[in-house]
Amino acid sequence: MKDATIRRINLASFITSLIAIVLGVLVGILGVWGVIPHKDATLWRILATDGIVFAGAVLTNLAIACYRKPGGDVA
């Protein structure tokens, strides 16, 4: 895989994780204030989906780090 492709994937996963954090906080605040209903589990489904997207972005970022330095530090 070319280095430019790896950088694009890494940047996309980083931006996705930041967006997922912001959306998770926003959904949480809206849920606490009752804007998003929680009785029909809508709030929990949205939060779970956000968590899955965040986990995928973080794991993608870690996979890229391992691809760059196999067996080495992720830093």
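Below is a summary of the structure that appears in this document. (Residues numbered from 1 in each chain as written. Predicted model: local features only at pLDDT ≥ 70, side-chain atom pairs only at ≥ 80, totals over all residues. Heavy atoms only, no water.)

### Here we look at the overall build of the protein
- Looking only at helices and strands, the protein features two helices and zero strands.
- Rg of the C-alpha trace for the protein: 16 Å, well past the compact-globule value of 11 Å for 75 residues, more than 25% over.
- In terms of principal-axis extent, the alpha carbons of the protein reach across some 45 × 20 × 20 Å.
- Here the protein, with 75 residues, has 19% of them falling under the buried criterion.
- Summarising the internal contacts of the protein: among those between residues at least 6 apart in sequence, 57% fall at separations of at least 24.
- Of the charged side chains in the protein, 7 are positive and 4 negative; the average position of the first set lies 7 Å away from that of the second. (Helix = DSSP H or I, 4+ residues; strand = E, 2+ residues; numbered from the N terminus. Rg over C-alpha atoms; globule rule 2.2 N^0.38 Å. Buried < 20%, exposed > 50% of the residue type's maximum accessible area, 1.4 Å probe, protein only. Contact = heavy atoms within 4.5 Å. Lys, Arg positive; Asp, Glu negative; His and termini not counted. Charge placed at Lys NZ, Arg CZ, Asp CG, Glu CD.)

### Comments concerning helix α1 (residues 3-32)
- Between its first and last C-alpha, α1 extends 43 Å over 30 residues, near the 44 Å set by a 1.5 Å rise per residue.
- Contact partners of the buried residues in α1: α2 (42-68).
- Directly after α1, the chain includes Gly-34, whose backbone phi takes a positive value near 85°. (Expected span 1.5 Å × (residues − 1).)

### Section: the packing of α1 against α2
- Look at α1 against α2: their axes get within 8 Å of each other, and the N-to-C directions meet at 155°. The orientation of α1 with respect to α2, classified from their angle, is roughly antiparallel. For α1 against α2, the interelement crossing comes out left-handed.
- Residue composition of the contact of α1 with α2, grouped by class: 15 nonpolar, nine polar and three charged. (Axes fitted to C-alpha atoms, helices over the stretch in contact; angles between N-to-C directions. Parallel < 35°, antiparallel > 145°, perpendicular 65-115°, else oblique. Left-handed = near helix turned anticlockwise from the far one by under 90°. Nonpolar A, V, L, I, M, F, W, Y, C, P; charged D, E, K, R; others polar.)

### Describing α2
- In this model α2 runs 39 Å from its N-terminal to its C-terminal C-alpha over 27 residues, within 8% of the 39 Å that 1.5 Å per residue would give.
- Buried residues along α2 sit in contact with α1.

### Observations concerning the pattern of salt bridges
- All chains considered together, the criterion is met by one salt bridge.
- Salt-bridge contacts for Arg-7 lead to Asp-3; the nearest nitrogen and oxygen are separated by 3.3 Å. Taken together, the residues Arg-7 and Asp-3, both in helix α1 and four residues apart, mark about one turn of the helix. (Salt bridge = Lys/Arg side-chain N within 4 Å of Asp/Glu carboxyl O.)

### Remarks on unusual backbone geometry
- The phi dihedral of Ala-41 falls on the positive side, at around 70°, and the residue is not glycine.
- Residue classification places Ala-41 among the partly exposed positions, given a relative accessible area of 26%.

### As for the side chain of Ser-17
- Considering the arrangement of structural elements, one finds Ser-17 in helix α1.
- Residue classification places Ser-17 among the buried positions, given a relative accessible area of 10%.
- Beyond its immediate chain neighbours, meaning those up to four positions away, Ser-17 contacts Phe-54 and Ala-57.

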